Amino acid sequence: AQAFHQGGATSGEQVLGIAVADATPPEAVVISPAAGALVRPGEAFEVVVRGRDAFGVTRLDLDAAGVVSLSGSQPVEPASAEVLRSFSVPVPAGAAAGGEITLTASARDAAGNARGSVPVVVRVADVLPPQVLLVDPADGAEGIGLRPTLRVLFSEPLSPASLTAASVALLPASGPAVPVLLALSPDGTELNLRPEGALAPETRHVLSLSGLLTDLV
């Protein structure tokens, strides 16, 4: 800046310093996992967080809520305009299938400005196969007729695609499996089996349900 007198004299050029305050908060984003991703109980999964700021990010934080309650913080030294950090989030072994974990990241800059990310929700995967709750007639039953209907109740809905001759079989004491008709209840939790023809009399038969039976998840 320079001032002029009416007589033409000047004050000489003056340099003025102006400090520009940083009032813009940094950006924080959860890069991975993606929203809706499945995580396994009893295992830890990695969360990658990105921070951006024109004057430099100095810290990244991660908060997890829901099935997992966790807070983590990582300093960034020296401050960086863009930075990635990884956080490890352990999932309890007993976490119920379908349970939600909400992940929220935040970034802070040297001026103390901070901003949180858009929350990302992931879910606990169903890693347990369907469990048999009831078989009717019960194991060892006698005098049930030559063409009975067998009823099996499961802990969760079955996938219809998994109902095959390899996953469900009615086996006599010797010889090939007996051809059966399979019917699944509307809610998928009850399976009914009926031999296509009469069973051999006075012969023990075994209902075999293999690990190939799967649920809907």
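Residues numbered from 1 in each chain as written. Predicted model: local features only at pLDDT ≥ 70, side-chain atom pairs only at ≥ 80, totals over all residues. Heavy atoms only, no water.

Student: Looking at this structure, I do not really get the overall build of the protein chain. What am I missing?
Tutor: When helices and strands are tallied, the protein chain shows 0 helices and 13 strands. Secondary structure elements of the protein chain, listed N to C terminal, follow the sequence β-β-β-β-β-β-β-β-β-β-β-β-β. Looking at the protein chain residue by residue over its 217 residues, the buried ones come to 32%. For the protein chain, the proportion of contacts with a sequence separation of at least 24, taken over those separated by at least 6, is 65%. As displayed, the protein chain has an accessible area near 12,800 Å², and 56% of this comes from carbon and sulfur atoms. (Helix = DSSP H or I, 4+ residues; strand = E, 2+ residues; numbered from the N terminus. Buried < 20%, exposed > 50% of the residue type's maximum accessible area, 1.4 Å probe, protein only. Contact = heavy atoms within 4.5 Å. Areas by Shrake-Rupley, 256 points an atom, 1.4 Å probe, with all protein chains shown as cover.)

Student: How do you make sense of the pattern of salt bridges when you look at a structure like this?
Tutor: Close approach of charged atoms lets side chains of opposite charge pair. With the rule as written, the count across this model stands at 7 salt bridges. For glutamate 43, the salt bridge identified is with arginine 40, shortest N-O distance 3.3 Å. Notably, a salt bridge pairs aspartate 61 with arginine 59, separated by 3.0 Å at the nearest N-O pair. Its relative accessible area of 13% is what places aspartate 61 among the buried residues. Since its relative accessible area comes to 30%, arginine 59 is described here as partly exposed. When salt bridges that share partners are traced, they join Glu27, Arg50, Arg52 and Glu82 into one network. (Salt bridge = Lys/Arg side-chain N within 4 Å of Asp/Glu carboxyl O.)

Student: Please explain the nonpolar core as it appears in this structure.
Tutor: As a rule of thumb, soluble globular proteins bury nonpolar side chains together. Core analysis: the largest hydrophobic core is formed by 24 residues, its most contacted members being Phe45, Val47, Leu62, Ile101 and Leu103. When contributions to this core are tallied by element, the ones reaching two or more residues are strand E1 (27–32), strand E3 (44–66), strand E4 (70–90), strand E5 (100–109) and strand E7 (120–124). The dominant element in this core, judged by the number of residues it contributes, is E3, at 7 residues. If sequence neighbours within four positions are ignored, isoleucine 101 has contacts with Val39, Phe45, Ala64, Ala65, Val67, Val68, Val91, Val120, Val121 and Val122. Core analysis: the second largest hydrophobic core is formed by 13 residues, Leu158, Leu163, Leu170 and Leu191 among them. (Core = buried A, V, L, I, M, F, W, Y, C linked by side-chain atoms within 4.5 Å.)

Student: So what exactly am I meant to see when it comes to the pairing of strand E10 (residues 168–172) here?
Tutor: Of all 5 residues that make up E10, 4 are buried, and the element is covered over most of its length. Sheet topology note: the E10/strand E13 (residues 205–209) ladder contains 5 bridges and is antiparallel. Pairing of valine 168 across the sheet is with leucine 209, part of E13. (Pairing = 2+ DSSP bridges.)

Student: Where do I start with unusual backbone geometry in this structure?
Tutor: Peptide bonds are mostly trans, and most non-glycine residues show a negative phi. Here the residue pair glutamate 77 and proline 78 is connected by a cis peptide bond, since its omega of 0° sits within 30 degrees of zero. Assignment of secondary structure puts proline 78 in strand E4. With an omega of 5°, the peptide bond between aspartate 136 and proline 137 qualifies as cis. Relative to the helices and strands, proline 137 is located in the loop between strand E8 (132–136) and strand E9 (150–154). Look at glutamate 202: it is not a glycine, yet its phi comes out positive at around 55°. Its place among the elements puts glutamate 202 in the loop between strand E12 (190–195) and E13.

Student: How should the sheet that holds E8 be read in this particular structure?
Tutor: Read across the sheet, 4 strands follow the order E8-E9-E12-E11 without closing on themselves; strand pairing throughout is antiparallel. At either end of the open sheet lies a strand with only one pairing partner, and these are E8 and strand E11 (180–184). Geometrically, the sheet is characterised by an average inter-axis angle of 15° between neighbouring strands, direction not taken into account. (Axes fitted to C-alpha atoms, helices over the stretch in contact; angles between N-to-C directions.)

Student: Help me out: how do you make sense of the side chain of serine 117 in this one?
Tutor: Of note, serine 117 is situated in the loop between strand E6 (114–116) and E7. Judged by its relative accessible area of 10%, serine 117 falls in the buried class.

Student: Looking at this model, I keep getting lost on the side chain of arginine 50. Mind explaining?
Tutor: Here arginine 50 is to be found in strand E3. When its relative accessible area of 17% is taken as the criterion, arginine 50 is described as buried. Each residue touching arginine 50, except ones within four places of it in the same chain, is listed here: Glu27, Ala28, Val29, Ile31, Leu60, Glu82, Val83 and Leu84.

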